[in-house]
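Results of the structural survey
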Amino acid sequence: MFVAKSVNAEHKDLIHDVSFDFYGKRMATCSSDQSVKIWDLNEDGEWVCTASWKTHCGSVWKVTWAHPEFVSGSGNGIHSTWIKRAGLVDSRTSVMDVKFAPKIQGLQLATCSAGGVVRIYEAPDVMNLNQLHAPMIAVGSDDPNSGSGGKVFIYEFSANTHKWTKVETLLTVTEPVHDLSFAPNLGRSYHLLGIATKDVRIITLKPTKEDSTQNQSSLSIFEVRQAGQFDDHGSTVWRVCWNLTGTILASSGDDGCVRLWKANYLDIWKCISTLRGEAVENVTDAGTTGGSLQQSGATGSGHNTARYFKLAPTAHPAHVPWH
Amino acid sequence: MNMVSKNSGRWSIKDPVIAKDMHGVIGGISTLMVFPHKAHSEAEKETQSKTEGPVKMYQVESFSWLWSRQARKLINESVGTYLSLQAAVKEAEPDECKPLLVKKCREYRSMIQACVEDVNMSQECEDQEEIKACGQLLYKMELILSLIEILFIDIKPGGLVLGQLVMWIRVHFTQCIEKKNEAMESDHPHLHPAYWEAVYGAVLQGRMEGARQMLSNHSNADTDPFLSMDELLRKMPVYQVYGGVSVAEFTVRWQHWQSECERRLQEGHFTTCHQLQTVCKILCGNQQTINSLIDLMDTWYHLMVSTLLFTCPTVKLFRLHNAAQDAITSIGGEQRTTPLDNVLLAAMEADTHQVIKECQQVLDNTWFTAHVTDLLCHTMGQKTGQKFLPELRESLLLDYASVLVSHSSLWQVGILYLDHCGASGIAMSQMVLQRLPLTDDSCVHKIIQMASDRNFDSIIVGVCRIMGRRALSQGRLGSAIWWGVRSRDAAFTSHLAHQILHKYVAEGRFESSQLLDHLGPAMLLSDTLTFLGKYREFHMMYQDGNFQDAATLLVSLISSKLAPEYFWPVLLLDALPLLKSEEPVISAEQTYELMYCLHNLHNHTCKRGKQGPLENEVASSAFIEKERDIRLALSNNLARAIIHEGSIEN
């Protein structure tokens, strides 16, 4: 059974993105009305808008939160002024997506622009390189030309060479990719990637290399398996999002529905719930989706996800994005 | 809260704005925030589309019965039983397991019973619909669990199960008792409309004593038919598992008894009273008669047990599903079965997998499936054909635990369950402990305690770091250092120690001196912190009048270069009273050290003075004034010390 509580968004136009902070008690929203709002969850369980400001340099498409260890603001939500810590100004084209790296990577931020470039920024900090898997990033392309092969690329970072190398291209995904996200890995021996393309895809990547700790010179080889392909939306899927335990995937599609997916103990995925707004007539604005995002030539990057790493060639080491 | 309407897994939100294009983002474990979305492409077109109403977001959460007040008690009590079960099973011998499992199963059942009582005592002000639904849910849970106990866990030797099933029916179907009481309380019991129904009901449940008691209250109790019936009822053999009578012998006796019943029926003992005839037909195992009384039994399982009681009392466990199918057919076939019936049927077919699957359909809460699967898993052990059980158990326990951890007051219970869920459980525990909002100190300490019990060092470090930064931003330096030390973050702690030292230089006093004095070995985390701790020690020694040791300490602090440069003036100023004291406390060697320090400081100050304004104006100006004094004191002390040491040697 579901219960829904409405929250007056106080935005004058529709919303581009919503993001929760690390604890789930604070939320950021950005909208077409060119403003960003911050919300706090009060003791009664109500969302209260505690800050709002207009952005002056164009629209904001995405918002995301840093890990609280890097934040020096008060954790009680009492403060009412958010201080702009840094601006990242080297992208001349729009930034399509932005995400912070997992805390273990130190303070790093990955952005991808409409021009098809992924940039990674790092705050000089002690990086803890003691990890189980080499850092990985997945990049998806929304190039509508389905003849040009797989649209999802997996890059891996090698600590020895300080370089990123493409280790895998998912050939089963040939339609433009609009969103993708790694599931938080809680005790699994493989990586789980959710992809929003013309349908919902769930891909498992199982590293076949046994000992990945010391021998950093060789890159991982993955056994790629498609754990699920679902056409329930019947139309383009725009967004996928995992919950904290990596057990539930939420997909948002052009049919105006949000669907929740879960796997049973045999790792078989199925849709457990469908949520829709009523008075929806299933008329999708199909014409606008593929066409206007077409970037001539370059494989425009639709976006990215979970783990982020330092890309030596980008040569923008000095930016310190503290949020 | 708006309730969202349901239609078999599909839910809708009534809102024209969101109806056009809805996106959802998951926050936490199961909270979904849906919002009316506009794509980049649309926004870039700069179409000034007017929204058809206020823009609203919706926080959608799955609501579980587990959040209700009644469930709370069940959750808190059952965790104790669950944990003791896991511990006991690990240690027990294989043949000790069964009584242990039976005991735990009964504990769960008694907890459910306690909940039922709670529900019955509920106040009128509470939602009656909810109370009723809750009551039904608990009834179903207890019904299923007690059957599982009989059919899977507490299997008697020989697999003879009817005795337990009869008890099961008696406990869950009490209409006959109610009718009996109703009839007996009236003036003329035998004339009460419920009288004979009560008698039939009692007989069908094998309550022969009760039936005999009622019949003895009939006005015609002294007549032949009644006396005959009384004798038959009295003499019915009942199988006792540990009664010492073998199955074969019992069967002979029972058949003998039943043929006696048939003989008396045929000889017309009961022709004068057709109700007694009916009773006798029941005793003879006449299927038609028994079926005709279905209204008194309500369900196919009651029918099945009653039928077996008079047709095959030595029925074995593996034959049960046939009897079950027959009973279902009698009541009208599979179309009449409910999901609850499916669970019971699966149990009678000894199909563990199906039982669990059907339970998930009947009960929407994960408490039951998790605990039952756990019990079944321990019961079945490593039996062939049940290989799926351990994985299924872990998966269901994880599901249950993830429901608990997403609740602000049940997360601790959730973590206790996660301890027994393998690698995934550990990972989820760590994630939960990291993501709990650090609201107040008691909460933080609870989190740290739980993390340290499980050796989650990285989490403790992380939490302490966050608390340290929070304290710093609130200006509580002492508290920040305390957290910094616990987080073993040397860089952060050094930074804080420097802050405190700077403050001392500026203001001349220490805040949070208590905390600093009790750092103990933790101060070795960073050099600056060590210096701070030692400097506090120096203060203590000085205040205690222990000048000799204080002086030694002070000089060692200076010579060891532990002190940061900006602090040297302070140290030298501290040395001044010691230099001027009546008794010489600073030796010649030590005086040389101090002079060297002063010399260096002087040079640095001059160099810096040429470059720009000095940092700590207050301290530096105080120092410059006193510099002459210090030089004088040093020289005097040196002279004094040399003389003093020279004389002692002689």
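Residues numbered from 1 in each chain as written. Chains lettered and ligands numbered in written order. Predicted model: local features only at pLDDT ≥ 70, side-chain atom pairs only at ≥ 80, totals over all residues. Heavy atoms only, no water.

So, on to the overall build of chain A. Across its full length, chain A carries 1 helix and 20 strands. Counting the 323 residues in chain A, one finds 51% classified as buried. Excluding contacts between residues fewer than 6 apart, the proportion of contacts in chain A whose partners are at least 24 apart in sequence is 51%. With an accessible surface of roughly 14300 Å², chain A has 52% of that area assigned to carbon and sulfur atoms. (Helix = DSSP H or I, 4+ residues; strand = E, 2+ residues; numbered from the N terminus. Buried < 20%, exposed > 50% of the residue type's maximum accessible area, 1.4 Å probe, protein only. Contact = heavy atoms within 4.5 Å. Areas by Shrake-Rupley, 256 points an atom, 1.4 Å probe, with all protein chains shown as cover.)

What follows concerns the sheet that holds strand β6 (residues 95-100) of chain A. Residue and element names in this part refer to chain A. Read across the open sheet, the 3 strands follow the order β6-β7-β8; overall the sheet is antiparallel. Either end of the sheet is taken by a strand with one partner, and the two such strands are β6 and β8 (118-122). For this sheet, the mean angle separating the axes of adjacent strands, direction not counted, is 20°. (Pairing = 2+ DSSP bridges. Axes fitted to C-alpha atoms, helices over the stretch in contact; angles between N-to-C directions.)

Residue and element names in this part refer to chain A. Model confidence for chain A is summarised by a mean pLDDT of 71, while 70% of its residues fall at 70 or above. Across chain A, element-level confidence peaks in strand β17 (residues 248-253) with a mean pLDDT of 93 and bottoms out in helix α1 (residues 286-292) with 26. Counted against residues more than four places away or in other chains, residues 125-130, with its pLDDT under 50, gives 7 contacts. (pLDDT = per-residue confidence, 0-100.)

Attention shifts here to the interface of chain B and chain A. In this complex, chain B contributes 72 residues to the contact, which on the side of chain A involves 73 residues. Around 7000 Å² of area is buried between chain B and chain A when both sides are counted, 61% of it from carbon and sulfur atoms. Taken together, the links from chain B to chain A amount to 1 salt bridge. The salt bridge partner of B:Asp399 is A:Lys262, with a shortest N-O separation of 2.9 Å. Scanning the region where chain B abuts chain A turns up 16 residue pairs in polar contact (both at pLDDT 80 or more). A per-class count over the side of chain B that touches chain A returns 34 nonpolar, 21 polar and 17 charged. Judged from the 4 bridges that link them, strand β19 (residues 269-277) of chain A and strand β3 (residues 10-13) of chain B form a sheet pairing that is parallel. Opposite A:Gly277, over in β3(B), you have B:Ile13 as the bridge partner. (Buried area = accessible area lost by both parts, 1.4 Å probe. Salt bridge = Lys/Arg side-chain N within 4 Å of Asp/Glu carboxyl O. Polar contact = N/O pair within 3.5 Å; in protein donor to acceptor, adjacent residues only side chain to side chain. Nonpolar A, V, L, I, M, F, W, Y, C, P; charged D, E, K, R; others polar.)

All names here are of chain A. Here 4 strands make up an open sheet; going across it, the order is β12-β13-β14-β15 and the pairing antiparallel. Edge positions in the sheet fall to β12 (179-182) and β15 (222-230), since each has one partner strand and no second. The sheet shows a mean angle of 20° between the axes of neighbouring strands, taken without regard to direction. Here 8 bridges tie strand β14 (residues 200-207) to β15, and the two strands are oriented antiparallel to one another. From the neighbouring strand, Ile202 faces β15, where its bridge partner is Gly228.

Our next topic: the UniProt feature "repeat: WD" (unreviewed entry) in chain A. Annotation from UniProt places "repeat: WD" (unreviewed entry) at residues 8-42 and 230-262 of chain A. Segment residues 8-42 of chain A splits into 0% helix and 57% strand. End C-alpha atoms: 15 Å apart. (UniProt positions renumbered as here; feature names shortened; annotations may be inferred.)

This paragraph deals with the confidence of the model for chain B. Interpretation of the predicted coordinates at a detailed level should be avoided for regions scoring low in pLDDT. Residue and element names in this part refer to chain B. Scored by pLDDT, chain B comes out at a mean of 85, with 93% of its residues at no less than 70. Of all secondary-structure elements in chain B, the lowest mean pLDDT belongs to strand β1 (residues 2-3), at 44, while helix α21 (residues 411-418) reaches the highest, 94. Overall fold confidence (pTM) sits at 0.80, and the ipTM for the predicted complex is 0.78.

With that out of the way, let us pick up the packing of helix α5 (residues 128-153) of chain B against helix α6 (residues 162-172) of chain B. All names here are of chain B. Running from N to C, α5 and α6 cross one another at 170°; their axes reach a closest spacing of 10 Å. Relative to α6, the element α5 lies roughly antiparallel. Here Tyr139, Glu142, Leu143, Ser146, Leu147 and Ile150 of α5 come into contact with α6, specifically with Gln164, Leu165, Trp168 and His172. When grouped by side-chain class, the residues that make up the contact of α5 with α6 number 6 nonpolar, 3 polar and 1 charged. (Parallel < 35°, antiparallel > 145°, perpendicular 65-115°, else oblique.)

The next subject is the environment of B:Trp196. All names here are of chain B. Tracing the sequence through the fold places Trp196 in helix α8 (residues 195-204). Residue classification places Trp196 among the buried positions, given a relative accessible area of 11%. Spatially, the C-alpha atoms of Trp196 and Leu276 are 9.2 Å apart, while their sequence positions differ by 80 residues. Trp196 has contacts with Leu215, His218, Phe226, Cys273, Gln275 and Leu276, leaving out every residue within four places of it along the chain.

Residues and elements named next belong to chain A. On domain assignment, one finds that chain A holds domain 1 (15-131) and domain 2 (136-269). Listed by partner, the interface residues are 4 residues for domain 1 and 4 residues for domain 2. Buried surface at the junction of domain 1 and domain 2, summed over both partners, amounts to about 470 Å²; 56% is from carbon and sulfur atoms. Seen at the junction of domain 1 and domain 2, the total is 1 salt bridge. When the shortest N-O distance is used, the salt bridge between Arg239 and Asp17 registers 2.8 Å. At the junction of domain 1 and domain 2, the tally comes to 2 residue pairs in polar contact (both at pLDDT 80 or more). Those elements that provide at least two residues to the side of domain 1 that touches domain 2 are β2 (15-20) and β8. (Domains from an automatic or database assignment.)

All names here are of chain B. By size, the foremost hydrophobic cluster in this structure holds 153 residues, and its most contacted members are Val203, Leu283, Trp300, Tyr301, Met304 and Leu433. Counting residues per element, this core draws most heavily on α5, which supplies 14 residues. In this view, Leu283 contacts Val203, Met208, Met229, Leu232, Leu233, Trp257, Gln258, Cys261 and Phe310; residues no more than four positions away in its chain are not counted. Among the nonpolar cores identified, the runner-up in size contains 49 residues, and Leu501, Ala550, Ala551 and Leu553 belong to it. (Core = buried A, V, L, I, M, F, W, Y, C linked by side-chain atoms within 4.5 Å.)

Attention shifts here to the packing of aromatic side chains. Residue and element names in this part refer to chain B. The tally for this structure, following the rule as stated, stands at 27 aromatic pairs over all chains. Ring centres of Trp196 and Tyr200 lie 6.4 Å apart, and the angle between their planes is 35°; on these two criteria the pair is classed as tilted. In this pair, Trp196 and Tyr200 both sit in helix α8, 4 residues apart, roughly one turn of the helix. Comparing Trp196 with Tyr200 shows no difference in burial state: the two are buried. Aromatic pair Trp300 and Tyr301: ring centres 5.2 Å apart, planes at 90°, arrangement edge-to-face. Of the residues examined, Trp300 reaches a relative accessible area of 1% and is grouped as buried. With relative accessibility at 4%, the residue Tyr301 sits in the buried group. (Phe/Tyr/Trp six-rings, centres within 6.5 Å; stacked < 30°, edge-to-face > 60°.)

Here the focus is helix α20 (residues 388-405) of chain B. The end-to-end C-alpha distance of α20(B) is 26 Å, a good match for the 26 Å that 18 residues give at a rise of 1.5 Å each. When you tally the buried positions in α20(B), you get 13 out of 18 residues, the bulk of the element. (Expected span 1.5 Å × (residues − 1).)

Residues and elements named next belong to chain B. Tracing the chain through its elements places His445 in helix α23 (residues 441-453). A sequence separation of 18 residues divides His445 from Val463, and the C-alpha atoms of the two residues are 9.9 Å apart. Dropping the residues within four chain positions of it, His445 is found in contact with Trp482 and Trp483.

It is worth spelling out the pattern of salt bridges at this point. Where side chains of opposite charge bring their charged atoms close, a pairing between them can arise. All names here are of chain B. Enumeration over the complete set of coordinates arrives at 26 salt bridges over all chains. Residues Glu197 and Lys179 are paired through a salt bridge, measuring 3.3 Å at the closest nitrogen-oxygen approach. One end of the pair, Glu197, is in helix α8; the other, Lys179, is in helix α7 (residues 175-185), with 18 residues separating them in the sequence. According to the relative accessible area criterion, Glu197 is partly exposed, its value standing at 34%. Note that Glu627 and Arg631 form a salt bridge whose closest N and O atoms lie 3.1 Å from each other. With a gap of 4 residues between them, Glu627 and Arg631 both fall in helix α32 (residues 617-649), about one helical turn apart. Residue classification places Glu627 among the buried residues on the basis of a relative accessible area of 12%.

Below, the discussion takes up unusual backbone geometry. All names here are of chain B. Notably, Ala350 is not glycine yet its phi reads approximately 55°, a positive angle. Looking at the secondary structure, you find Ala350 in the loop between α17 (339-348) and α18 (352-362). Phi angles above zero are rare outside glycine, and Asn455 is one such case at about 60°. Looking at the element boundaries, Asn455 is found in the loop between α23 and α24 (457-473). Classification of Asn455 as exposed rests on a relative accessible area of 62%.

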